Amino acid sequence: MREDAQEAECGELRALVLRAKAGDSDAFGTLYDRYLDLVYRYIYFRVGSHPLAEDLTSETFLRALRRIGDFTWQGRDFGAWLVTIARNLVADHFKSGRYRLEVSTAEVLDVPLEGAHIPENAVVTAIINDRVLRAVRDLNPEQQECVVLRFLHGLSLAETALIMGKKSGAIKALQFRAIRSLARALKPDLA
């Protein structure tokens, strides 16, 4: 039953992509709505700045719109193609040397305190999240990307392998080494 639902969803996605390739702006808008969060979160984790992540996310979808005619359906998730575009934009950004490491106070204080959130809990959660993200950033670049794609974005081994240009077995080994490194790095904090 689950496979039937996945096949139906894959068929719907393929139809959307084909409509977008044919120039249907509503179809591309639906794809945008579906993948905006995935692309934004991927970029934000890599650059650490909301305004820059928003700019690069916009550029990702602009490039996708320009190149949608070049996209060929290979049975993979359209999101993998978008993340590949985003990955290249992030790499280009850092290679260009135009970036500066700066963090605004608004980003440091970007902790939700409304509703049921108790300030103390929000602070503890922010500290834990910050420590885990710092540990992930201390991994080598390939391990970082693997962890981000697999656990923050929930991509499958196959999708992660496709984006990273590796075989699934290599992704499994990379993921294992990354998790082992994270466990070592976080052990003092979790004890």
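Overview of the structure. The model shown is predicted, which means the values in this text are computed figures rather than measured ones.

The next point concerns helix H4 (residues 78-96). Its 19 residues place the ends of H4 27 Å apart at the C-alpha level, agreeing with the 27 Å of an ideal helix rising 1.5 Å per residue. Buried residues of H4: Phe 78, Gly 79, Ala 80, Trp 81, Leu 82, Val 83, Ile 85, Ala 86, Leu 89, Val 90 and His 93, and no others.

What follows is about the packing of aromatic side chains. Tallying each qualifying case throughout the model produces six aromatic pairs. For the ring pair Tyr 32 and Phe 61, a centre distance of 4.7 Å and an interplane angle of 65° mean the geometry is edge-to-face. Of this pair, Tyr 32 sits in helix H2 (residues 25-47) while Phe 61 sits in helix H3 (residues 50-67), placing them 29 residues apart in sequence. Judged by relative accessible area, which is 34%, Tyr 32 ranks as partly exposed. In this structure Phe 61 comes out as buried when scored by relative accessible area, which is 4%. One aromatic cluster in this structure is built from Tyr 35, Phe 71, Phe 78 and Trp 81. In this structure, Arg 137 is placed above the aromatic ring of Phe 45, and the distance from its NZ or CZ to the ring centre is 5.1 Å.

Time to look at the packing of H2 against H3. Two numbers describe how H2 lies on H3: the axes approach to 9 Å, and their chain directions differ by 140°. Our classification of the angle between H2 and H3 gives oblique. Considering the relative orientation of H2 and H3, their crossing is right-handed. Along its contact with H2, which presents Phe 28, Tyr 32, Tyr 35, Leu 36, Val 39, Tyr 40, Ile 43, Tyr 44 and Val 47, the element H3 presents His 50, Leu 52, Ala 53, Glu 54, Leu 56, Thr 57, Thr 60, Phe 61, Ala 64 and Leu 65. Of the residues in the contact of H2 with H3, the class split is 15 nonpolar, three polar and one charged.

Cut-offs and rules
- Residues numbered from 1 in each chain as written.
- Predicted model: local features only at pLDDT ≥ 70, side-chain atom pairs only at ≥ 80, totals over all residues.
- Heavy atoms only, no water.
- Helix = DSSP H or I, 4+ residues; strand = E, 2+ residues; numbered from the N terminus.
- Expected span 1.5 Å × (residues − 1).
- Buried < 20%, exposed > 50% of the residue type's maximum accessible area, 1.4 Å probe, protein only.
- Phe/Tyr/Trp six-rings, centres within 6.5 Å; stacked < 30°, edge-to-face > 60°.
- Lys NZ or Arg CZ within 6 Å of the ring centre and 35° of its normal.
- Axes fitted to C-alpha atoms, helices over the stretch in contact; angles between N-to-C directions.
- Parallel < 35°, antiparallel > 145°, perpendicular 65-115°, else oblique.
- Left-handed = near helix turned anticlockwise from the far one by under 90°.
- Contact = heavy atoms within 4.5 Å.
- Nonpolar A, V, L, I, M, F, W, Y, C, P; charged D, E, K, R; others polar.

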